[in-house]
Every structure is written in structure tokens, then in C-alpha cells.
Amino acid sequence: MSTLPTPATPATPATPALPTAEGVFRAWALERAAQRKGALSPRSLASYHSLWTGWTEYLLSKQALPWQQARSVDVRAYLEALNPRAQARGLVLASTVTQRRYYRVLKKIYAFAVAQGWLEDNPVDAGASVSPTEQMDSLVFHAIDWDALLQAVAPAVDPPPEQPWLAVRDQAILRLMMQSALTVAELAGLDMGDVQHPRLGSARGVGELWPAPETAPGAGGPQAVMLDLSGARAAQERRITLSEEASTAVLAWLTVRATLALPQDAATPLFVSRKKAGRLTPRALFHLANRHVSATLGPRYPHTVLAHAGPMTLRNSCIVRWLDAGLPEEDVLARAGLRESQALLRLRKHVHAAEAPDLQDGQA
């Protein structure tokens, strides 16, 4: 009795082998270099290779992801944390021009990977884009809105029961954004050792906050906190004196921070993340500022107006308040860590000196 032959099982199409991060770039670069029209020069390819390497190293170090597992949210976080010049104690924000250039290059490389069958979707999509316009960089709140924003920085009536320290941390950060014009990079890079105050000391190399002394009647308020700041430019190397409100908020945070299971030595981050795993990211700082702005001014503005209002908006508004108050330009530049008057040109159109109250040193 003959046996019918078993039908052959259809062959499964082979899945293209995924190249390494270096391999995908080399494949893309070869194609771009070979194009008859619009071929990239060796110099451009070298620049793009550096960009791609920085991106893939970020994925591995920050997210523990290989290049092919990147998501839209990872791309956006990277673009928000870009350092276009030199890394100085943490993160330096790139200009929107730089962010858009990185966005375009990453999108092209991933589009090439999709075309080769290595990926199904391009993670560099509309959700990954940080595309506020150049004009958004100079968004400034007028004096009435600014007063409302300052008054809203108050102790939380109902702090989260599981993490009540978050409200104290956020108050200190908002005060530094709004009354000292600190940048995201400066806030993210602050260490315990950058805070200077008579109540701060150390025992066996571990930082501690000594009890506040009793102030004699008529002796004036407590001494101000000072911060030592640094950055990629010489003008960013400075010591600033905080306002009374900001000083109080920072000391309150230090008091709470000392109760957490965290390192207290000089080289540890001043502000820590919700999970207490390390420094706050630019994305976290943006959301902190944007939540405050939206909660305070949301009923008065369309969402589209406030969607990109974050730390840069608060910094710009603080600088304009200093100009409103008639502070000499050289003092404003020194406080803000700026080198040249050119940096203030976009903000001067918002200045209304006649409306501004007198400001004490360090206040906004």
C-alpha cells in the first residue's frame, strides 16, 4: 500500500538579522555617501556618527535599551537632555535649532532601518519631537500673572501621604526657577556641596544641617543661602545669593532631605527624583514647572499657549522682573549667568519698568 507524500511545510521567510548600533549607522552612511544627488560628505558623516553614538550610549546608560528598542518617549527625553557643547556637571539644554537637527538625523537613520526590515515602526515620530518655536524661547508672563504664580508657590495643603517630601522639594525648585532664574541644567547639576549657609556643616565627611539658632529681637532675619553654580561657559561660574523666600525653601528641603535614606555628602545631588534614584531629569523639571503654570493660570489661557511653558519661561519672566526693577544690566547678566547684552535683546520688549516694585537683592 503506497503512502501519500507528506505536503511540504511552506518555508517561513527569514527575519533579517539585526545589526549592531554601529552596523546600522555604517549601512545608512554607505547608502547616503553613494547617492548621486545630495550625498553626504565625510565631514558630515563624521558629525552624524558622533550624534548617533551619543544617542545609542544614552539609551544604554540611561534606559538600558539597545537601539532597536527605543520608543518615542526615549527620543523625546534625549532631545530634552541634549548638551550641544561640552558636558559640565550634568545636563545642558540644547537650543531648539540643535534639537530639531538631532531629531531629523535620528528620524532618517531609523527610517532607513524600517526600510531594511529591521524595525516595524520609526520611534522618531511626532510625539518624540520637542518643537516649540524659536518664539516660545522668549515667552514671558506679565506682572499680574507673575504675582499669581509666586503666590501659588506655597506649602501643599494635602501633600501625598506616601511621599510628603515631594511638596517641599518642589517648592524649593520653583523658588529657584522663579526667583533666581536658574536653568534646568543648573538645577539638575546642583550638589549638596554647592549650597553655602552657616547652618551647613559636615561630620566625618557627611553633610548635616545644624539647628537654627534663636534670633535675638531686632537682629534681622536669618542669613541667606548662597549657591555655587557652574556650566560650560565662564559666565555660568558664579555664586548667587538667594532671596529670603528661596533661602527658607531650600533650608526646608535640606531639613526634610536629611530624614531620607540618601547619601548626604557634598558630591550627591541636592534635588533627587521621586524614586530617589538620582538627579532630576530635564523632562521631570519641565513637567514640574508646567504643572505649576497650568494649575495657576490654566483657566485664563488656552492649553496651546501654556503647553510649552516650563523652566525657560519662568527664567525669562524672572529676568524681565529684574529689568523691570531697574537693576543695572551688568548685574542682571551676572545673576543669570549670561555674558553679553545680546542675550537680553529678545526679553527687553517685555520690560515695563514703571509697573515694577522695588526688589530686594536676590528677589524677583
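Residues numbered from 1 in each chain as written. Predicted model: local features only at pLDDT ≥ 70, side-chain atom pairs only at ≥ 80, totals over all residues. Heavy atoms only, no water.

Draft legend 1. Up close: the overall build of the chain. Helix and strand counts for the chain stand at 13 helices and 5 strands. Buried residues in the chain amount to 44% of all 364 residues. Put simply, 66% of the contacts in the chain that link residues at least 6 apart link residues at least 24 apart. Summed over its atoms, the accessible surface of the chain is roughly 19600 Å², and 56% of this surface lies on carbon and sulfur atoms. (Helix = DSSP H or I, 4+ residues; strand = E, 2+ residues; numbered from the N terminus. Buried < 20%, exposed > 50% of the residue type's maximum accessible area, 1.4 Å probe, protein only. Contact = heavy atoms within 4.5 Å. Areas by Shrake-Rupley, 256 points an atom, 1.4 Å probe, with all protein chains shown as cover.)

Draft legend 2. The arrangement of the packing of aromatic side chains in detail. All told, the structure shown has 13 aromatic pairs when counted by the stated rule. Residues Trp55 and Tyr110 carry aromatic rings whose centres are separated by 6.5 Å and whose planes lie at 80 degrees to one another, so their mutual orientation is edge-to-face. Placement of Trp55 in helix H2 (residues 42-63) and of Tyr110 in helix H4 (residues 96-115) is noted, with a sequence separation of 55 residues between them. Residue Trp55 is classed as buried on the basis of its relative accessible area, which comes to 0%. What makes Tyr110 buried here is its relative accessible area of 1%. Site record: aromatic cluster; members linked through ring pairs are Trp52, Trp55, Tyr58, Trp67, Tyr78, Tyr102 and Tyr110. Above the ring of Trp322, the side-chain terminus of Arg335 is found at 5.1 Å from the ring centroid. (Phe/Tyr/Trp six-rings, centres within 6.5 Å; stacked < 30°, edge-to-face > 60°. Lys NZ or Arg CZ within 6 Å of the ring centre and 35° of its normal.)

Draft legend 3. Geometry of the pattern of salt bridges. Within this structure, the stated rule accounts for 10 salt bridges. Among the ionic pairs, Arg238 bridges to Glu186, the shortest N-O distance being 2.9 Å. Linking Arg238 in strand E5 (residues 238-241) with Glu186 in helix H7 (residues 184-189), this pair joins segments that are 52 residues apart in sequence. Judged by its relative accessible area of 5%, Glu186 is buried. Between Asp324 and Arg321 there is a salt bridge; the shortest N-O distance is 2.9 Å. Remark: Arg321 and Asp324 occur in helix H11 (residues 311-324); sequence separation between them is 3 residues, near one turn of the helix. Each member of the pair, Asp324 together with Arg321, is buried. (Salt bridge = Lys/Arg side-chain N within 4 Å of Asp/Glu carboxyl O.)

Draft legend 4. Molecular detail of the confidence of the model for the chain. A residue-level look at the chain finds 76% of positions with pLDDT of 70 or above and a mean pLDDT of 79. Looking over the chain, one finds the lowest element-wise mean pLDDT in strand E3 (residues 206-209), namely 54, and the highest in helix H6 (residues 165-180), namely 94. Scored below 50 in pLDDT, residues 84-94 makes 28 contacts in the model with residues more than four places away or belonging to other chains. Every residue in residues 132-136 is under pLDDT 50, and counting partners more than four places away or in other chains gives 9 contacts. (pLDDT = per-residue confidence, 0-100.)

Draft legend 5. How the structure looks around the sheet that holds E5. Judged by pairing direction, the sheet is antiparallel, and its 3 strands sit side by side in the order E1-E4-E5 without closing on themselves. Strands with a single pairing partner mark the edges of an open sheet, and in this sheet they are strand E1 (195-196) and E5. One ladder, built from 2 bridges, connects E1 with strand E4 (residues 226-229); its direction is antiparallel. Within E4, the residue paired with Gln196 across the bridge is Met226. (Pairing = 2+ DSSP bridges.)

Draft legend 6. Spotlight on empty space enclosed by the protein. Under the defined criterion, the tally for this structure stands at 2 cavities of 30 Å³ or more. The space that makes up the second largest cavity amounts to roughly 40 Å³. Looking at the second largest cavity, the residues that line it are Leu187, Ala188, Phe271, Arg279, Leu280 and Leu285. For the lining of the second largest cavity, the class distribution of residues is 5 nonpolar, no polar and 1 charged. (1 Å grid on protein atoms, 1.4 Å probe; cavity = no way out; pocket = protein on both sides within 12 Å on 5 of 7 lines; lining within 4 Å. Points joined across faces, edges and corners; volume = space filled by probe spheres on them. Nonpolar A, V, L, I, M, F, W, Y, C, P; charged D, E, K, R; others polar.)

Draft legend 7. Fine view of the nonpolar core. Core analysis: the biggest nonpolar cluster contains 60 residues, and Leu227, Phe271 and Leu314 have the highest contact counts within it. Contributing elements (two or more residues each) for this core: helix H5 (143-151), H6, H7, E4, helix H8 (244-257), helix H9 (282-297), H11 and helix H12 (329-336). Looking at this core, the element that brings in the most residues is H6, giving 8 residues. Dropping the residues within four chain positions of it, Leu227 is found in contact with Leu176, Leu182, Leu190, Asp194, Val195, Arg238, Arg239, Ile240 and Leu242. Val24, Leu59, Tyr103 and Ala113 belong to the second largest nonpolar core, which has 32 residues in total. (Core = buried A, V, L, I, M, F, W, Y, C linked by side-chain atoms within 4.5 Å.)

Draft legend 8. Structural context of the packing of H5 against H6. Packing of H5 against H6 brings their axes to within 11 Å, and their N-to-C directions diverge by 155 degrees. It follows that H5 is roughly antiparallel to H6 by the angle criterion. As H5 runs across H6, the sense of the crossing is left-handed. Contacts between H5 and H6 involve Trp146, Leu149 and Leu150 from the former and Arg175, Met178 and Gln179 from the latter. A class-by-class count of the residues in the contact of H5 with H6 yields 4 nonpolar, 1 polar and 1 charged. (Axes fitted to C-alpha atoms, helices over the stretch in contact; angles between N-to-C directions. Parallel < 35°, antiparallel > 145°, perpendicular 65-115°, else oblique. Left-handed = near helix turned anticlockwise from the far one by under 90°.)

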